[in-house]
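Each chain is listed here by its residues.
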Amino acid sequence: GFYEPSGSFTITLPTIARASQPSCITWPENTQNVGDMGNAITIHMNRKANFTHTVKYTFGNASGTIQTGVVDNCSWTIPMGLANQIPSATSGTGTITVITYNGSTKIGEKSCSFTCTVPASVKPSISSYNATIDNSSNAVIRGWGIAVAGYTKIRVTASANGSYGSTISSFTISGGYNTTQSKSSLDYTGAIISSSGNKTFTITAKDSRGRTSTS
């Protein structure tokens, strides 16, 4: 045993190369909800040493390289095309991966998640719509070409297109008729119109994201 030993010594600790931990928008913490597709966001490397980085993303089946040779941070405009990966949702979550290099030597890679939203402007578009007179049920007025209260039905038709992968799920008619059809196109002949006067038909198309457009 030693009795009251004394003295000193110095040791040098080796540098342990650590992969950088990325974060979105805020530094050094990560912001999960980064906003709308089409927006530009900042991705921080939060590097541990004098490293460089390659930044990549995945979102559903979509993936790509954002930038190479990044030191501290980079800007990324979230592609609108990512909306095609979520045709039945208004937001989705992806992953940003940062690969850390010391010169040409790969140190490692780490990731962070991000959630982005399909902009409200992305909604279905009604490409055509029409209301036509149907007098087929009465031989007397069949060829008249005018609507007659108590005899005439109205046929309402419409077609619409989804946007960025969405599909049309239903059409709603309001006004002259009130009904909903869960179809990708509208072809509806209503009941006989019982009263005279102008008749207005409003058509609303809904897509698989729940977004609507009206004509």
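Scroll up to find the structure.
For the structure given in this document, a descriptive report is provided here. Please read all numbers here as calculations on a predicted model, not as lab measurements. (Residues numbered from 1 in each chain as written. Predicted model: local features only at pLDDT ≥ 70, side-chain atom pairs only at ≥ 80, totals over all residues. Heavy atoms only, no water.)

### Regarding the side chain of Thr-100
Note the threshold: The numbering of helices and of strands both runs from the N terminus, where a helix is a DSSP run of H or I of at least 4 residues and a strand a run of E of at least 2. Exposure categories follow from relative accessible area, calculated using a 1.4 Å probe and restricted to protein chains: below 20% of the type maximum is buried, above 50% is exposed, and the middle band is partly exposed. Any pair of nitrogen or oxygen atoms within 3.5 Å is treated as a polar contact; in protein, a donor-acceptor pairing is required on top of that, and neighbouring residues in sequence qualify only through side-chain atoms on both sides. Two residues form a contact once any of their heavy atoms are found within 4.5 Å.
Among the structural elements, Thr-100 can be located in strand β7 (residues 91-102). Its relative accessible area of 0% is what places Thr-100 among the buried residues. Of the polar contacts made by the side chain of Thr-100, one reaches the backbone nitrogen of Ser-20; its length is 2.9 Å. Non-local contacts of Thr-100, meaning those with residues more than four positions away in its chain, are made with Arg-18, Ala-19, Ser-20, Phe-51, Thr-52, His-53, Thr-105, Lys-106, Ile-107 and Gly-108.

### Overview of the nonpolar core
Stated precisely, the cut-off is as follows: Here, nonpolar core means buried Ala, Val, Leu, Ile, Met, Phe, Trp, Tyr and Cys residues that are tied together by side-chain atoms lying within 4.5 Å of each other.
The biggest cluster of nonpolar side chains holds 25 residues, and the ones touching the most others in it are Met-37, Ile-43, Val-55 and Trp-76. Listing elements by their share of this core, those giving two or more residues are β3 (40-44), β4 (52-59), β5 (62-70), β6 (73-77), β7 and β8 (105-117). If near-sequence neighbours (up to four positions away) are discounted, Val-55 is found in contact with Ile-43, Met-45, Thr-65, Ile-66, Gln-67, Val-70, Cys-74, Ile-96, Thr-97 and Val-98.

### Concerning unusual backbone geometry
Looking along the chain, the bond that leaves Trp-27 and enters Pro-28 is cis, with omega of 0°. You can see Pro-28 is positioned in the loop between β1 (23-24) and β2 (33-36). One non-glycine residue with positive phi stands out, namely Ile-25, at about 70°. Tracing the chain through its elements places Ile-25 in the loop between β1 and β2. Given the relative accessible area of 35%, Ile-25 is considered partly exposed. With phi around 50°, Asn-46 is a residue other than glycine that occupies positive phi space. Owing to a relative accessible area of 14%, Asn-46 belongs among the buried residues under this scheme.

### Things to note about the sheet that holds β6
For clarity, the threshold we go by: For two strands to pair, DSSP has to find at least two bridges joining them.
Read across the open sheet, the three strands follow the order β1-β3-β6; overall the sheet is antiparallel. In this open sheet, the two edge strands, each paired with only one partner strand, are β1 and β6. Looking at chain direction, β1 and β3 are connected through two bridges and run antiparallel. Residue pairing in the sheet places Ser-23 in a bridge with His-44 of β3.

### Quick word on the sheet that holds β8
In plain terms, the rule: Lines fitted to the C-alpha atoms define the axes, with helices restricted to the stretch that makes contact. Angles between their N-to-C directions range from 0 to 180 degrees.
The strand order β2-β8-β7-β4-β5 describes an open sheet built from five strands, whose pairing is mixed. Here the strands that pair on one side only, and so sit at the sheet edges, are β2 and β5. Across the sheet, the mean angle separating the axes of adjacent strands is 25° when strand polarity is ignored. In the sheet, β7 pairs with β8 via twelve bridges, with the strands oriented antiparallel. Looking across to β8, one finds that Asn-102 is bridged to Thr-105.

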